[in-house]
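This is what each chain is made of:
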Amino acid sequence: MQTYERENGMQITEIPVIELNVKKGMSPELPKEVEVGLENGLKAKFPVEWGNITPESTEAHGKLRVTTYPNPFIEQRADPYLYKHTDGYYYFTGSYPLYDRIVLRRAKSITELPDAEEVVIWEAHESGIMSEHIWAPEIHFIDGKWYVHFAAGAKEDVWAIRPYVLECADDNPLTGSWEEKGQINTEFESFSLDATTFENDGKRYLVWAQKVGNDTISNLYIGEMENPWTIKNQVLLSTPEYDWEKSVFAVNEGAAVIKRDDKIFITFSGNATDHTYAMGYLSADSTADLLDPKSWYKTPEPVFVTSEETSEYGPGHNSFSVDEDGYDLLVYHARPYKEIKGNSLYDHNRHARIKRIFWNEDGTPYFGIPGDQVEPTDQQVIARINYL
């Protein structure tokens, strides 16, 4: 076992020596990935690029492929959403700074996205509903069609924020035609935003943030869906209760869903949209009744917070995706500074950022520090070949 000490970023601390037993005359089958040790006792798999070997080789040498992303990834795209589709493209959207349109871009690789052409797929109405504060679009592919969930207000009442849905039946959502399916039928009318959707055990669910009447508290709700723009019911899932969720404003919002093994995790963001913004999560067994609030555990402490060390402030409103090797990614926004002049909602430097997330031995996600990516290493992976 080779061990290394920290220099910059998150370090790979252990690279195991691989032992391969091979019958004489046979070529060794080298693993495509290897599990290494990281800081904080974490273990994670990384791809290996092997050098050439001969039939007589007793050792193979390889290099870990550690992917890092530019930081920021895409500037001034708050509430970032990244989706890898079956057509091989990555689709990216987020809140446009003027809050007056929905934009979308795609690329065959994640690293090509920052320079990919951004297309306006829908523009705000001139008046009435869906004419102001176009926020937090998410793109989903459901039953053969594209859907965008987003929030919007009205010029006549800019804070009458409600959740809406667009539908596209064409193969390419950047060039296709989008139809407005209307407002999601929440059980009561009030400030509501950040809807996301996921499927579990043959049922589709919606999770969103909504205030109760004129109350300043923003709760999370969950409901089973009849179709991508209609819910069957509405259940209170989470309300701000811990100090990290409500020290400035009592907020739960920006939900995102990731599954692992037999667990479902719903991350969410809390507090104000400044440096106090932070993330926690809810978790439940995938076989549980997801409409029963008692099925869900909530983290009493935040799991992703402002970092003075990396100068990332107010990290949150995330989405999840996977990289080209299938490893889990966290996509989130954060500002590069702490002090904000005026209303933080109109400070548009919440930049989109990407980092890989890891998994603790107990099956819970490890988010780490905003901006702290794994440092590539020149240390080799060694495979010893034993001929039998």
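This is a predicted model, so every value here is computed, not measured.

Trainee: An account of the side chain of Gln234 is requested, with residue identities and associated values reported.
Mentor: Relative to the helices and strands, Gln234 is located in the loop between strand S18 (230-231) and strand S19 (235-238). Judged by its relative accessible area of 11%, Gln234 is buried. Looking at Gln234, its side chain comes within polar contact range of the side chain of Gln210, at 3.1 Å. With residues up to four places along the chain from it excluded, the contact list for Gln234 reads Thr186, Glu187, Phe188, Trp208, Gln210, Tyr221 and Ile222.

Trainee: Can you break down the packing of aromatic side chains residue by residue, with the values?
Mentor: Across all of its chains, the model carries 22 aromatic pairs by this definition. Geometrically, the ring pair formed by Phe198 and Tyr205 is stacked, given 5.3 Å between the ring centres and 20 degrees between the ring planes. When sorted by exposure, Phe198 lands in the same class as Tyr205, which is buried. One aromatic cluster is present, formed by Phe265, Tyr281, Phe304, Tyr332, Trp359 and Phe367 through successive ring pairs. The side chain of Arg106 reaches across the aromatic face of Tyr89, ending 3.7 Å from its centre. The ring of Tyr89 carries the charged tip of Lys108 above its face, separated from the ring centre by 4.3 Å.

Trainee: Outline the sheet that holds strand S8 (residues 90-95), listing residues and values.
Mentor: Whether parallel or antiparallel, the strands of a sheet pair through hydrogen bonds between backbone atoms. Taken together, the 4 strands give an open sheet; going across it, the order is S7-S8-S9-S10, and neighbouring strands pair in antiparallel fashion. Two strands bound the open sheet, and with one partner strand each, they are strand S7 (78-84) and strand S10 (119-123). Looking at each pair of strands side by side, their axes are set apart by 25 degrees on average, direction ignored. Two elements, S8 and strand S9 (residues 101-107), share 4 bridges in a ladder whose sense is antiparallel. Looking across to S9, one finds that Phe92 is bridged to Arg105.

What counts and what doesn't
Residues numbered from 1 in each chain as written. Predicted model: local features only at pLDDT ≥ 70, side-chain atom pairs only at ≥ 80, totals over all residues. Heavy atoms only, no water. Helix = DSSP H or I, 4+ residues; strand = E, 2+ residues; numbered from the N terminus. Buried < 20%, exposed > 50% of the residue type's maximum accessible area, 1.4 Å probe, protein only. Polar contact = N/O pair within 3.5 Å; in protein donor to acceptor, adjacent residues only side chain to side chain. Contact = heavy atoms within 4.5 Å. Phe/Tyr/Trp six-rings, centres within 6.5 Å; stacked < 30°, edge-to-face > 60°. Lys NZ or Arg CZ within 6 Å of the ring centre and 35° of its normal. Pairing = 2+ DSSP bridges. Axes fitted to C-alpha atoms, helices over the stretch in contact; angles between N-to-C directions.

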